[in-house]
Amino acid sequence: MAFPEKFMWGVATAAYQIEGSPYTTGGGQSVWDMFCKRPGKIADASSGEVACDHFNRFREDIALMKDLGIPHYRLSISWPRVMPSGMRNVSQEGLDFYSQLIDELLVNGIQPHVTMYHWDTPWELYLKGGWLNSDMPSWFQDYAEVLVKKLGDRVASWMTINEPQCFIGLGMEQGIHAPGDKLGQQEILWASHQALLSHGKAVQVIRSEATNKPLVGWAPVGGCAIPHTNSTEDIEAARFATVEMDTFNTWSTGMWTDPVFLGRYPKVIEEFWETCYQQPADGDMEIISQPIDFFGANIYNAPRVRAGANGKPEVVRDETGLGRTLFHWPVSPEALYWGPKFFHDRYKKPVVITENGMALSDWVHLDGKVHDPQRIDFLQRYLQEFERAGRDGVDIAGYMQWSFMDNFEWAEGYRFRFGLVHVDYTTQKRTPKDSAYWYKDVIATNGANIL
Ligand code: IFM
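As the structure is a prediction and not an experimental result, all values here were calculated from the model.

Caption draft 1: Structural context of unusual backbone geometry. Along the chain, Ala178 connects to Pro179 via a cis peptide bond; the corresponding omega equals 5°. Assignment of secondary structure puts Pro179 in the loop between helix 8 (164-173) and helix 9 (185-209). Following Trp402, the chain continues into Ser403 via a peptide bond in cis, with omega recorded as 15°. Tracing the backbone shows Ser403 in the loop between strand 11 (396-402) and strand 12 (421-423). Despite not being glycine, Asp53 has its phi angle at roughly 50°, a positive value. Relative to the assigned elements, Asp53 resides in the loop between helix 2 (31-36) and helix 3 (54-67). According to the relative accessible area criterion, Asp53 is buried, its value standing at 15%.

Caption draft 2: Structural view of the site of the ligand. Within the structure, the ligand sits among 13 residues, and Gln17, His118, Glu355, Glu409 and Trp410 are positioned closest to it. Within the side chain of His118, one N or O atom sits 2.8 Å away from an oxygen atom of the ligand. The contact in question runs from an oxygen atom of the ligand to an N or O atom on the side chain of Trp402, over 3.3 Å. Look at the ligand: alone it shows 280 Å² of surface, and the protein chains cover 95% of it. Residue composition of the shell around the ligand, grouped by class: seven nonpolar, three polar and three charged.

Caption draft 3: Structural context of the environment of Ala444. Along the polypeptide, Ala444 turns up in helix 16 (residues 434-444). Along the chain, Ala444 and His199 lie 245 residues apart, while their C-alpha atoms are 34 Å from each other.

Caption draft 4: Inspection of the pattern of salt bridges at higher detail. Applying the stated criterion across every chain yields a total of 28 salt bridges. Across the salt bridge formed by Arg346 and Glu244, the nearest N and O atoms sit 3.1 Å from each other. Here Glu244 lies in the loop between helix 10 (232-243) and helix 11 (253-262) and Arg346 lies in helix 14 (residues 335-347), a separation of 102 residues in the sequence. We classify Glu244 as partly exposed; its relative accessible area is 34%. Between Arg417 and Asp406 there is a salt bridge, with the nearest N and O atoms lying 2.6 Å from each other.

Reading the values: rules and limits
Residues numbered from 1 in each chain as written. Predicted model: local features only at pLDDT ≥ 70, side-chain atom pairs only at ≥ 80, totals over all residues. Heavy atoms only, no water. Helix = DSSP H or I, 4+ residues; strand = E, 2+ residues; numbered from the N terminus. Buried < 20%, exposed > 50% of the residue type's maximum accessible area, 1.4 Å probe, protein only. Near = heavy atom within 4 Å. Polar contact = N/O pair within 3.5 Å; in protein donor to acceptor, adjacent residues only side chain to side chain. Areas by Shrake-Rupley, 256 points an atom, 1.4 Å probe, with all protein chains shown as cover. Nonpolar A, V, L, I, M, F, W, Y, C, P; charged D, E, K, R; others polar. Salt bridge = Lys/Arg side-chain N within 4 Å of Asp/Glu carboxyl O.

The following block contains the structure:
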């Protein structure tokens, strides 16, 4: 096969990383505004206060997307831009911004795919306990209702939340992302449960309020493992490492995707719940496991795994000659074969890669262009593997490259560039990189030029 006829080729971004912070234009503060002010938390002491100034430049950015032949765009909405304190009062200006953005996309022939929450928890909700507060799912439901009532006639697909592993794991367990907390496992599981309930409630809202029958999904980290060899033992060890779990681990995919797709927690989590002060309520799993339409997964890399002496997965540490991105993430294209395969085998849903891309330190060359051959090679290798998964029976439905343009890379600030489009943060000049023109051809040939 090659890529299916209706395959969704797209690019992705997130509000706080590109727009400029909402509080500068009448919205509220988020936990990221707070976190960026803490000395030593952001590598270059920067913040998303201005970022790519997309709030003021969205029309020119969308025109560029059109020039680059991009048919699908995954964006996120800033909760504090729409509801400055996270609840009750809606900022009409904030909501209108997203309405205009979506209209502009549609006029330019680009389908909008909207993530409701990409880490920018309203500051005032954090003061009330944020994800630890058991009211969070109903606050999220109210927020979802505001969004879907306004935009639910035009959005092609909705994703409820992005990478709970990160905003809970990095943000609340390890403390290296906002809000910078270091909580214990019981609190982490409680917060995770509130996030899963919020997801489920938002799915219910989309199903009941959207008037255009959109696709519904979410975008977790698609943590996965690559079998070291093609032996059945290694393949099963990698499958286990991808979708099963035998110890509490916030980064495990199964902890998140079993509840959503199978309506139950993995056994080890069930057992852990029994030791907790508070347990889930009856009916929670029904809310969490509302049927969704695709398996979204953000995949950048994966470790190689083999069957250890006891048959259990063992990470292969030999990294001789392994390529690495600027983030030091291993270049591991087979992640886009094995991840989708294991997910599809277990959950039987079409797979959309909701993020994949590469950090480099690109600059504008003397000829005025941005040459990024490593990114082209990286993306080509990963896409070839995703297509191979399709040939082997995985229902591959879409690919959203991260990211359309360079942006605020959270705790790394602006040092790492993931974009297809270079951004000069002093002048806000956009320069499409070589990879942007390459991706244009990939889209135009439906991927035939990379096989
Ligand atoms: O920039 C992030 C994005 O916000 C979430 N997924 C990973 C990307 C690269 O680190």
